[in-house]
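Topology and contacts: notes
The residues making up each chain are set out below.
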Protein chains: 2
Amino acid sequence: MNNLVYKKFHLEFFYELNHMLKIGNVKHSIRKYPKDQIIFLTGSRCQSIGILLKGEVKIEHLTETGSRILIRNLKQYNIFGEILLFSPEPYYPYDIVAKSNCEILFISKDSLLRILSENPNILEKYLQHIAESYHQINKLIKLKSQKTLRHKLAYYFLNYEHLNKENHSLIIKSKTELANLLGVERQSLFRELKNLENEGYLELNKKEVILKNLTYFASLVD
Amino acid sequence: MNNLVYKKFHLEFFYELNHMLKIGNVKHSIRKYPKDQIIFLTGSRCQSIGILLKGEVKIEHLTETGSRILIRNLKQYNIFGEILLFSPEPYYPYDIVAKSNCEILFISKDSLLRILSENPNILEKYLQHIAESYHQINKLIKLKSQKTLRHKLAYYFLNYEHLNKENHSLIIKSKTELANLLGVERQSLFRELKNLENEGYLELNKKEVILKNLTYFASLVD
């Protein structure tokens, strides 16, 4: 699914779920958090799913050395804990932090199971949603499994960003985020992009990258 | 979950599901495949879950260059397609191949949704099963995200194999499979293990590895 379809899917899922919460008299709670508040610390037990009603949330990994690595940003109607909740070891692997003032709807495991059992349509959507998360994580594994930074970049260009079909251009929104995703220093990323430009495989234009030789990049990806 | 608990879980899940298939009069089919037969080719549409009743199945990635990389082995009562089935793009990303003569039970999406809707207990187990797969794949990402082969080995020692608590020993069943998992040549793996032994961090004893300095390995893993 592309981002737009996914957003629409989240919205629809939320409306149906919300409808069921109301007519089914299912227990749930809504809580507010100020910007920068930690909602769940790494290691705390996940006892409900959270649906973001307002604001933004970030999922962060706190390393041994004290630095914070961004794992994912969540926006309106995004869900968290939806898979973890059913794990035999349901402990948050990362910190969940309010990126802005936000409002979150919580549904406990029992309530959720009741809703899913009573509504095959919502159940199917829930399983679809999980499949989509799984697909994303599989893509991440393939990205991380590529041998070199150049191979990783090729995979990223072809599978992560929206590639304009007419001129083979794409936009890298944040080079810092991209360096984090690829697991390299910003400097190494810049150097490799420059190398690729010097060798004539792409053209850099501020945030825009134009792939001059699509076949080359496709040949790098297994 | 460790392997034993997981095996028991699979068995219980299968019995309950099988019971429902019988009393609920739910459509399903059982097919037999001879050794080496391709059950599903990469790119074919996933329309049902498969539960392995007899024999073994392997999931393989066929690379551009024609080599085959083992992704996973499946044994009795293991399930495949359980997440993919609900994906918006439900196409097998890998080949599913009979490793021995085998017998597989197939349940279609509609039948499965009916069973899950009618049995909250089976639904919860199904979601648990998915959570466990997700946990495994997350571990794989963390393994692949470690910076160097040495860091990857440290993560592997501490999170993948059963570490004997008394003498800090573990068994590497197959060095070829481990090299594949880590994404390196067998030679590089041997060299790094030897280096670690020469530096006094571990002791090699055929298939057994004894970690002499657990703190060192723990310090490598983020």
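Small disclaimer: the values here were computed from a predicted structure and weren't measured. (Residues numbered from 1 in each chain as written. Chains lettered and ligands numbered in written order. Predicted model: local features only at pLDDT ≥ 70, side-chain atom pairs only at ≥ 80, totals over all residues. Heavy atoms only, no water.)

1. Concerning the confidence of the model for chain A
Spelled out, the test is: pLDDT is a per-residue confidence score from the predictor, ranging from 0 to 100. Elements are defined by DSSP. Helices are runs of H or I of four residues or more, strands are runs of E of two residues or more, and each kind is numbered from the N terminus.
On average, chain A scores 89 in pLDDT, and the residues at 70 or more come to 97%. Mean pLDDT across the elements of chain A ranges from a minimum in helix H1 (residues 3–23) of chain A, with 79, to a maximum in strand E2 (residues 38–40) of chain A, with 97.

2. Overview of the packing of helix H5 (residues 175–182) of chain A against helix H6 (residues 186–198) of chain A
All names here are of chain A. Selection rule: For every element, the axis is a line fit to its C-alpha atoms; helices are fit only across the contacting stretch, and the angle between N-to-C directions ranges from 0 to 180 degrees. Orientation labels follow simple angle bins: below 35 degrees gives roughly parallel, above 145 gives roughly antiparallel, 65 to 115 gives roughly perpendicular, and whatever is left gives oblique. For this analysis, residues touch if any pair of their heavy atoms sits within 4.5 Å. Charged means Asp, Glu, Lys or Arg here, nonpolar means Ala, Val, Leu, Ile, Met, Phe, Trp, Tyr, Cys or Pro, and polar covers whatever is left, Gly included.
Two numbers describe how H5 lies on H6: the axes approach to 9 Å, and their chain directions differ by 100 degrees. Compared by their axis directions, H5 and H6 come out roughly perpendicular. Residues Lys175, Thr176, Leu178, Ala179 and Leu182 of H5 pack against Arg186, Leu189, Phe190 and Leu193 of H6. Here the residues of the contact of H5 with H6 sort into six nonpolar, one polar and two charged.

3. A few points about the pairing of strand E8 (residues 102–108) of chain B
All names here are of chain B. Keep this limit in mind: Buried residues are those whose accessible area, probed at 1.4 Å on protein chains only, stays under 20% of the maximum for their type, while exposed residues exceed 50% and partly exposed ones sit between those limits. At least two bridges found by DSSP between two strands are what make those strands a pair.
With respect to burial, E8 is a largely interior element, six of its seven residues being buried. Where strand E3 (residues 48–54) lies against E8, six bridges are found, and the strand directions are antiparallel. What sits directly across from Lys54, in E8, is Glu103.

4. Section: the nonpolar core
Here is the rule: Within this scheme, the nonpolar core is defined by two criteria: the residues are buried Ala, Val, Leu, Ile, Met, Phe, Trp, Tyr or Cys, and they are joined through side-chain atoms within 4.5 Å.
Core analysis: the biggest nonpolar cluster contains 116 residues, and B:Ile39 and B:Phe157 have the highest contact counts within it. Here the element with the most residues in this core is helix H3 (residues 120–145) of chain B; it accounts for 11 residues. Setting aside anything within four residues of it in sequence, one finds B:Ile39 in contact with B:Tyr33, B:Val57, B:Ile96, B:Val97, B:Ala98, B:Cys102, B:Ile104 and B:Phe106. Within the second largest apolar cluster, 22 residues are counted, among which are A:Ala154, A:Tyr155, A:Phe157 and A:Leu202.

5. With respect to the relation of the copies chain B and chain A
The test is simple: Least-squares superposition aligns the copies on the C-alpha atoms of those residues with pLDDT at or above 70 in both.
The two copies are related by a screw motion: chain B maps onto chain A through a turn of 180 degrees and a shift of 0.0 Å along the axis, at an RMSD of 0.1 Å. The two molecules are tied by a two-fold rotation axis, judged by turn and shift. No C-alpha of chain B lies nearer the rotation axis than that of B:Ser117, which sits 2.3 Å from it. Interface overlap between copies: 100% of the residues of chain B at the interface are likewise at the interface in chain A, consistent with a symmetric, same-surface contact.

6. Topic: the sheet that holds strand E4 (residues 57–62) of chain A
All names here are of chain A. Ordered by their spatial adjacency, four strands build an open sheet running E2-E7-E4-E5, and the pairing between neighbours is antiparallel. The sheet is open, and its two edges are formed by E2 and strand E5 (68–74), each paired on a single side. Each strand axis lies, on average, 35 degrees off the axis of its neighbour in the sheet, ignoring direction. Pairing analysis gives two bridges linking E2 to strand E7 (residues 95–98), with the strands arranged antiparallel. Bridging across to E7, Phe40 finds its partner in Ile96.

7. Things to note about the sheet that holds strand E11 (residues 208–211) of chain A
All names here are of chain A. The strand order across the open sheet formed by three strands is E9-E11-E10, and the pairing between neighbours is antiparallel. The outermost strands of the open sheet, each flanked by one partner alone, are strand E9 (169–171) and strand E10 (202–205). With strand direction ignored, the average angle separating the axes of adjacent strands in the sheet is 20 degrees. The pairing of E9 with E11 spans three bridges and is classified as antiparallel. Residue pairing for E11: Ile171 is matched across the bridge by Glu208.

8. Overview of the pattern of salt bridges
Formally: Only one rule defines a salt bridge in this text: a Lys or Arg side-chain nitrogen within 4 Å of an Asp or Glu carboxyl oxygen.
The tally for this structure, following the rule as stated, stands at 24 salt bridges over all chains. Note that A:Glu16 is salt-bridged to A:Lys125, the shortest N-O span being 2.8 Å. One end of the pair, A:Glu16, is in helix H1; the other, A:Lys125, is in helix H3 (residues 120–145), with 109 residues separating them in the sequence. Ionic pairing is found between B:Lys99 and B:Glu56, a salt bridge with its closest N-O pair at 3.7 Å. Of the two residues, B:Lys99 sits in the loop between strand E7 (95–98) and E8 while B:Glu56 sits in the loop between E3 and strand E4 (57–62), which places them 43 residues apart along the sequence. Given the relative accessible area of 32%, B:Lys99 is considered partly exposed. Connected through salt bridges with shared partners, the residues A:Lys58, A:Glu60, A:Arg68 and A:Asp95 form a single ionic network.

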